Amino acid sequence: MSSRLITTWSEYDSAIQELLDLSATRLDIFDEDLSTLKLEAPQRVAALRALLSAPSHDRQLRIVVRKRDFVCQYSPQLMNLLTLYAPLLSIIDAPPHLDQLGDCLMIADDRHALVRFHRDQPRARLIVDDTSECAPYAQRFAEVLGEGGDPLSSKTLGL
């Protein structure tokens, strides 16, 4: 069990990959538009594909974005995964009243988390192998998910 403070964009970028590598069966992401996560990078696409094709019956990747344009226009690999792995992968465009939220979350298997405190700053906390420390963030993600939104699909995007 460990937790560490992230203060630079470089550290944040490394922490994203670390969390992706730790994700065994489930990954939940709440982010403004996914641009800072660089999920289109080959190593990250491979980690997402490994998660979605894991030999577990409860594998899942749930993403909630506040702005869908970046995902729709600049994330062809992610949209391809959405086509191949739906319903294991879901991407939801959050309702407008969530636009005011400034934090960003990545939660893996309810035991690892990367929490960026404000969308414009790299300051974040990485939690590794601690379900009790991750619980409030998992709850927050559940609340965000519970607010609804519009699911993205390859059909709605004309792919």
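Sequence positions are assigned chain by chain, starting from 1 and proceeding in written order. Given that the model is predicted, a residue must reach a pLDDT of at least 70 before its local features are reported, and side-chain atom pairs must reach 80 or more before they are shown or counted; all residues, however, enter totals for whole chains, interfaces and linings. Computation of side-chain values covers all heavy atoms of the structure but excludes hydrogens and water.

## Brief notes about the overall build of the chain
Logical step 1: Each helix and strand in the chain was counted, giving five helices and eight strands.
Logical step 2: Overall, the chain shows an N-to-C arrangement of helices and strands of β-α-β-α-β-α-α-β-β-β-β-α-β.
Logical step 3: Since a compact globule built from 159 residues should have a radius of gyration of about 15 Å, the 14 Å found for the chain is in line with a globular shape.
Logical step 4: By its C-alpha atoms, the chain is 40 × 40 × 30 Å across when sized along the principal axes.
Logical step 5: For the chain, the share of sequence-separated contacts (at least 6 apart) that also reach a separation of at least 24 residues comes to 72%.
Logical step 6: Only four residue types enter the charge count: Lys and Arg as positive, Asp and Glu as negative, with His and the chain ends excluded. Each charge is placed at NZ for Lys, CZ for Arg, CG for Asp and CD for Glu. In the chain, 17 side chains carry a positive charge and 23 a negative one; their mean positions are 2 Å apart. Helix and strand definitions here come from DSSP, where helices need a minimum of 4 consecutive H or I residues and strands a minimum of 2 consecutive E residues; each element is numbered from the N-terminal end. Only C-alpha atoms enter the radius of gyration, while the globule expectation follows 2.2 Å times N to the 0.38, with N the number of residues. Only heavy atoms enter the contact rule, under which two residues are in contact if any of them lie within 4.5 Å.

## A closer look at the sheet that holds strand β2 (residues 26–31)
Logical step 1: DSSP calls a pair of strands paired once it identifies at least 2 bridges connecting them. Read across the sheet, eight strands follow the order β1-β7-β6-β5-β2-β3-β4-β8 without closing on themselves; strand pairing throughout is mixed. Each end of this open sheet is capped by a strand with a single partner; those strands are β1 (2–6) and β8 (150–151).
Logical step 2: Of the pairings in the sheet, the one linking strand β3 (residues 60–65) to strand β4 (residues 89–93) comprises five bridges and is parallel in character. Within β4, the position partnered with Leu61 by the bridge is Leu89.
Logical step 3: Orientation is described by lines fitted to C-alpha atoms, with helices fitted over the stretch in contact, and by angles between N-to-C directions that extend from 0 to 180 degrees. Against the sheet, helix α1 (residues 9–22) contacts β1, β2, β5 (104–108), β6 (112–116) and β7 (124–128), and its axis sits at roughly 150° relative to β6.

## Examining the pairing of β3
Logical step 1: Each residue is assigned to one of three classes by its accessible area relative to the maximum for its type, calculated with a 1.4 Å probe on protein chains only: buried under 20%, partly exposed between the two thresholds, exposed over 50%. When you tally the buried positions in β3, you get five out of six residues, the bulk of the element.
Logical step 2: Summarising the sheet, β2 and β3 pair through six bridges and their orientation is parallel. By the bridge assignment for β3, Ile29 is matched with Ile63.
Logical step 3: On the question of chirality, the crossover connecting β2 to the parallel β3 by way of helix α2 (residues 42–52) is right-handed. Here the term right-handed applies to a crossover when the path leading from its first strand over the helix to its second strand runs clockwise, the strands being oriented away from the viewer.

## Some points on helix α5 (residues 131–146)
Logical step 1: Look at α5: 21 Å from first C-alpha to last across 16 residues, which is about the 22 Å you get at 1.5 Å a residue.
Logical step 2: If you follow the buried residues of α5, they end up packed against β2, β3, β5, β6 and β7.
Logical step 3: Two residues or fewer after α5 comes Gly148, characterised by a positive phi angle close to 85°. Here the expected length of a helix is defined as 1.5 Å per residue gap, with one fewer gap than residues.

## Thoughts on the pattern of salt bridges
Logical step 1: Throughout this description, the term salt bridge denotes a Lys or Arg side-chain nitrogen within 4 Å of a carboxyl oxygen of Asp or Glu. Overall, the coordinates contain twelve salt bridges when judged by the stated rule.
Logical step 2: The partner of Asp28 in a salt bridge is Arg62, and the shortest N-O contact between them spans 2.8 Å. Here Arg62 lies in strand β3 and Asp28 lies in strand β2, a separation of 34 residues in the sequence. Assigned by exposure class, Asp28 and Arg62 land together as buried.
Logical step 3: If you follow the salt bridges from partner to partner, you end up with Arg26, Asp28, Arg62 and Asp110 in one network.

## Observations regarding the packing of α2 against helix α4 (residues 76–85)
Logical step 1: Put simply, α2 and α4 touch, their axes get as near as 11 Å, and they point 10° apart. The pairing of α2 with α4 is recorded here as roughly parallel in orientation. Facing α2, whose interface residues are Val45, Leu48, Arg49 and Leu52, α4 presents Gln77, Leu78, Asn80, Leu81, Leu84 and Tyr85.
Logical step 2: Amino acids outside the nonpolar list (Ala, Val, Leu, Ile, Met, Phe, Trp, Tyr, Cys, Pro) and the charged list (Asp, Glu, Lys, Arg) are all regarded as polar, and Gly is one of them. Class assignment for the residues of the contact of α2 with α4 results in seven nonpolar, two polar and one charged. Note that the term roughly parallel is reserved for angles under 35 degrees, roughly antiparallel for angles over 145, roughly perpendicular for angles of 65 to 115, and oblique for everything else.

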